[in-house]
Amino acid sequence: MNATVPAENTSAVPVWNDPTLSLSVRVDALMDAMTLQEKTAQLYGVWVGASDQGGEVAPHQHDMEDAVDLDALLPNGLGQLTRPFGTLPVDPALGALSLARTQTRIAATNRFGIPALAHDECLAGFAAWGATAYPVPLSWGATFDPDAVRRMAAAIGRDMRAVGVHQGLAPVLDVVRDARWGRVEETIGEDPYLVGTIGTAYVQGLESAGIIATLKHFVGYSASRAGRNLAPSSLGPRERADVLLPPFEMAIREGGARSVMNAYTDLDGMPSAADEELLTGLLRDTWGFEGTVVADYFAIAFLKTLHGVAADWADAAGTALHAGIDVELPNVKTYGEPLAEAVADGRVPEALVDRALRRVLTQKAMLGLLDKDWNPVPAALDGADLDDPATLRGRIDLDGPENRSLARTLAEEAVVLLSNDGTLPLERPRRIALLGPNADEPTAVLGCYSFPQHIGVRNPGTPLGIQLPTLRDTLAAEFPDAEITYVRGTGIDDGDLSGVRRAAEAVREADVAVVVLGDRAGLFGQGTSGEGCDAETLALPGAQQHLLDALLDQETPVITVLLAGRPYALGRAVEESAAIVQSFFPGEEGTHAIAGVLSGRTNPSGRLPVGVPRRPGSQPAGYLGARLAQASDVSTIDPTPAFAFGHGLSYTRFDWAELTVDVSEAPTDGAFSLSFTVRNTGARPGTEVVQLYLHDPVASVVQPVQRLVGYTRVALEPGEARRVRVTVPADLASFTGRDGRRLVEPGKLELRLAASSADPRLTATVTLTGSVRQVDHTRRLHADFHQDPVTRT
């Protein structure tokens, strides 16, 4: 039988291969022609690694899964190829050839000529060898710059699409609830509006390049007890609705995300992978999501092994399918023979298989994978001699100048200056003491889902594939006339104190000291930050605080630099460091960005996406607390941060003045209007980040003291001013009421225009009038900011 044309219709192009027909007609015809085994084959992936010789991919052997026999599977077809580039170090061109050859085999082996959909990780850049390592999502949040994130994501998507990948497993939209959680580095921050707007921008960029963006982890993963990975999550329906769900809602409604990945955890005893109300009722029936729901890796099997809500593999498959999970990842386990057998004996309705299959095939048709002229050779290999793989090596550059420029922009905007006594920027110091475990470590700028830290560490001897200058390298270039003395002092987490005395001596002999502390990204205990690397407290790992304190004992000014995946309590340094510079794994251009801030070449504009704690044990905290969550005289634990959410300093000064409230009273379906002036009163260009917080003093259910409802970046030359006008819809005051409905209630509100959650500059008291109004997922989500120039003085 021909691979693309059924025997009974050899004279015409099959309906499903005809791009002139509607998607529904094509998919219906294809489904009608498929056997049950062919249907279920489209609902799972196989984890593979591309060949560095350009041959076909090979199944990846994972200790949580049985071996996969591709020869036995492929005659029925295959839904997805899991991480062809993100499994082994492979030259990008040879990886693209390997994927293309495998896709040719897959299409030729099944009756309908259907290729697989290839997915890969792209959390902080395409997770492929040699691809640009951008800042981690926590740094995206620190930029408060959706436009820059959108451009970065589009570049990531173009690189993925060019080598034959169709789907990216990003962004992470989990809102930080406990900074001890190891995956904080993968999140965008602790505020749902910031997470939603930055995450939506990432989705828009990725989707603009033709890559399916996958929202994760839906929902509640970050709210696990004690910050432990894959632990139960305890939260009420209002916290879920008002804190954890809004970023997903926004990314689907405004971002156009075409895939969602379930969370591993259970909420009040209901695993997400088994939650029909969540994955079908809310996601599809209420929000109108039409894409695919893919399982987080092994999540369906976990219904049996970890959650205990399924008796066997077939039961797990039926439970997940009924809930709304369309695709099993990373490998076939439950959606293969166990599911087919359960359908055949009547335990699982075939209609559920068809429901998931329709979504999968529709997506493949949208990607052009069912078209008669589908070509497995990706754009990056156009014109190449595919019969001579040796000529392809080095042909594809996934880390070109445009990418690096974007990476530099994001890294520079994400650096947060926490404190400064005037020591920064440094002016031509003669002697610099450079200290700390991250000062001369190339990978100190990378998160755990970067290729070198995720895959490269498991393949020792493999070159990094990208340039990763250390801060020692970039400081030498930034201060060519300075004498730089480097002393490591201690390791990240080894507790070694043998180098502390030498470090202190180096500080005494220098004009200024720069100590570089923080994390080592890794997986499952191999790092101090990353998946499965949770922290008992937010004290600096190992003996780093001991080193820092020893350096602060000297008379030389000490600049503390953090290269980390989460915020840490810094003890004495909060008051005694000459300056503190915070960077969250800023990617391959990160040390250039930090050096630029230290020298003053770059004026910092980053703002904290998570608060920096004053004490290591006051978790969980976060600025989104109700009144009872604040410091009080009836508890000995003070959760007040050393540096609050939204905080960040500049090398220039900004004056906020002339607040005018144009509309101070509005009905519950109306909007407020106000304006004010921001002026750069310093001597150098800079960017202020205006943050708008809402305070609701009286509500029918407990509210956070304040919450972010808008922000904008205002770039100003010295002496320049802008009149910032803001329209604030009443919908932004909505919250989930006692009966579970989202409401806008009449009453007084405060709109706080602030430089951080702890630094309000101007406050407008406004009033909502009329009756209580119910709103839903179609409500207005944003305040509208406009900037008008003001004559310079």
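Overview of the structure.

Each value, and the rule that gives it
- Starting afresh in each chain, residues are numbered from 1 along the sequence in its written order.
- Restriction of local features to residues with pLDDT of at least 70 applies here, the model being predicted, together with a cutoff of 80 or more for giving and counting side-chain atom pairs; totals for whole chains, interfaces and linings are based on all residues.
- Where side-chain values are given, they derive from all heavy atoms of the structure, hydrogens and water being excluded.
- Numbering of helices and strands runs from the N terminus, with a helix taken as a DSSP run of H or I at least four residues long and a strand as a DSSP run of E at least two residues long.
- Summary of the burial criterion: residues with accessible area below 20% of their type's maximum are buried, those above 50% are exposed, and those between are partly exposed, where the area comes from a 1.4 Å probe applied to protein chains only.
- Residues adjacent in sequence count toward polar contacts only when both atoms are side-chain atoms; beyond that, a polar contact is any pair of N or O atoms within 3.5 Å, and within protein one must be able to donate a hydrogen and the other to accept it.
- Note on definitions: a residue-residue contact is assigned when non-hydrogen atoms from the two residues lie within 4.5 Å.
- Only centres within 6.5 Å qualify two rings of Phe, Tyr or Trp (six-membered ring in Trp) as a pair; their planes then separate them into stacked at under 30 degrees, edge-to-face at over 60, and tilted for everything else.
- Lysine NZ or arginine CZ positioned within 6 Å of the ring centre and within 35 degrees of the ring normal marks a charge as sitting over the ring.

**Description of the environment of Pro 604**
Here is step 1 of the chain: Within the fold, Pro 604 resides in the loop between helix H21 (590-599) and strand S17 (612-613).
Here is step 2 of the chain: Residue classification places Pro 604 among the buried residues on the basis of a relative accessible area of 0%.
Here is step 3 of the chain: Remark: the alpha-carbon pair of Pro 604 and Leu 749, spanning 145 residues in sequence, is separated by 33 Å.

**So, the side chain of Thr 736**
Here is step 1 of the chain: Here Thr 736 lies in strand S25 (residues 735-736).
Here is step 2 of the chain: Within polar-contact distance, the side chain of Thr 736 engages the side chain of Asp 242 at 2.7 Å.
Here is step 3 of the chain: When residues no more than four places from it in sequence are discounted, the contact partners of Thr 736 are Arg 238, Ala 241, Asp 242, Val 701, Arg 741 and Arg 742.

**Points about the packing of aromatic side chains**
Here is step 1 of the chain: Within this structure, the stated rule accounts for 17 aromatic pairs.
Here is step 2 of the chain: Taken together, a centroid distance of 5.0 Å and an interplanar angle of 65° make the contact between Phe 218 and Phe 248 edge-to-face. Taken together, the residues Phe 218 in strand S6 (residues 212-218) and Phe 248 in helix H9 (residues 246-253) connect sequence positions 30 residues apart.
Here is step 3 of the chain: The buried category is assigned to Phe 218, whose relative accessible area is 0%.
Here is step 4 of the chain: Ring geometry for Tyr 623 and Phe 645: centres 4.7 Å apart, planes at 10°, overall stacked. Taken together, the positions of Tyr 623 in the loop between S17 and strand S18 (641-643) and Phe 645 in the loop between S18 and strand S19 (654-663) put the pair 22 residues apart, joining distant regions of the chain.
Here is step 5 of the chain: Here Phe 645 falls in the buried class, since its relative accessible area comes to 1%.
Here is step 6 of the chain: A connected cluster of aromatic rings, assembled from ring pairs, spans Trp 47, Trp 181, Tyr 221, Tyr 264, Tyr 297, Phe 298 and Phe 302.
Here is step 7 of the chain: Cation over ring: Lys 216 sits above Tyr 449, and NZ or CZ is 5.7 Å from the ring centre.
Here is step 8 of the chain: Stacked on the ring of Trp 313, the Lys or Arg Lys 304 has its end atom at 4.8 Å from the ring centre.

**Focus on the environment of Gly 383**
Here is step 1 of the chain: Along the chain, Gly 383 falls in the loop between helix H14 (350-366) and helix H15 (401-414).
Here is step 2 of the chain: Here the alpha-carbon distance between Gly 383 and Val 175, two residues 208 residues apart in the chain, equals 45 Å.

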